[in-house]
Amino acid sequence: LAALLVPQSSGALQAAAVEALARLDSRGVIVGFGDERGPLEAQAKELGVRALFTGPLEHRHLHHLLALSDANVVPSVFPEAFGMVAAEGASCGSPPLVARHSGLAEVAAGLEAEYPPEYRNLASFESGDVDDLVEKLGTILALAPDDHRRLSDAARQAAVSHWSWERIAALILSAGWETPSG
């Protein structure tokens, strides 16, 4: 099961994600909201894609889905300040595959730092490149169980090492910040 976390506001990238599922003959869960849901569901039906469209999910519910997914794809075209959804997926042990731009590229770099060398190219795909997305998602989904566990464990380690509350607090406390009150 590939969880595709697609903000349903950018039709072209959503269409690419649905096409990737069709080409891989994989099941997916598409999480998000927006005006493109109807056309996206129609495209999935036309292509014979087995997909569940959930609409929006709050973060407190999303971690349950992510823990069950073999991968999570974040094909956002929006300039993200940070790739929160991808980091959350990693923390659940679901290897993220993100469009490489803006804050998502930062998450990809953190994943690559923790991934075994042979899997470092599986953290991101070229934004808008369906062939690249299909190739990398297909590789993740085809991993042997032990190899997938190594990738999942490395994704989880990346979340702990780079984006956990403990790590962020340590960075803030070590910065020697000045505040207006003192």
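Keep in mind that what you see is a predicted model, and the values were worked out from it rather than measured.

Trainee: What is the right way to read the pairing of strand S3 (residues 50-55) from this model?
Mentor: On any regular strand, side chains alternate: one points to one face of the sheet, the next to the other face. Where strand S2 (residues 27-31) lies against S3, five bridges are found, and the strand directions are parallel. Bridged to Ile-30 within S3 is Phe-53. Crossover S2 to S3 through helix H2 (residues 37-47) is right-handed.

Trainee: I tried to follow the pattern of salt bridges on my own but got confused; where do I start?
Mentor: Side chains that carry opposite charge are capable of pairing whenever their charged atoms lie near each other. Applying the stated criterion across every chain, the model contains ten salt bridges. Note that Glu-58 and Arg-60 form a salt bridge whose closest N and O atoms lie 2.8 Å from each other. Judged by relative accessible area, which is 55%, Arg-60 ranks as exposed. Here Arg-150 ties to Glu-118 by a salt bridge, and the two come within 3.0 Å at their closest N and O atoms. Of this pair, Arg-150 sits in helix H7 (residues 145-163) while Glu-118 sits in the loop between helix H5 (102-114) and strand S6 (124-125); the two residues are 32 residues apart in sequence, bridging distant segments of the chain.

Trainee: Could you clarify how one ought to interpret the side chain of Ser-124 in this entry?
Mentor: Mapped onto the secondary structure, Ser-124 falls in strand S6. For Ser-124, the side chain forms a polar contact with the side chain of Arg-100, separated by 2.8 Å. Among residues more than four places away in sequence, those in contact with Ser-124 are Leu-97, Val-98, Arg-100, Ala-108, Glu-112 and Lys-136.

Thresholds applied
- Residues numbered from 1 in each chain as written.
- Predicted model: local features only at pLDDT ≥ 70, side-chain atom pairs only at ≥ 80, totals over all residues.
- Heavy atoms only, no water.
- Pairing = 2+ DSSP bridges.
- Helix = DSSP H or I, 4+ residues; strand = E, 2+ residues; numbered from the N terminus.
- Right-handed = clockwise from strand over helix to strand, strands pointing away.
- Salt bridge = Lys/Arg side-chain N within 4 Å of Asp/Glu carboxyl O.
- Buried < 20%, exposed > 50% of the residue type's maximum accessible area, 1.4 Å probe, protein only.
- Polar contact = N/O pair within 3.5 Å; in protein donor to acceptor, adjacent residues only side chain to side chain.
- Contact = heavy atoms within 4.5 Å.

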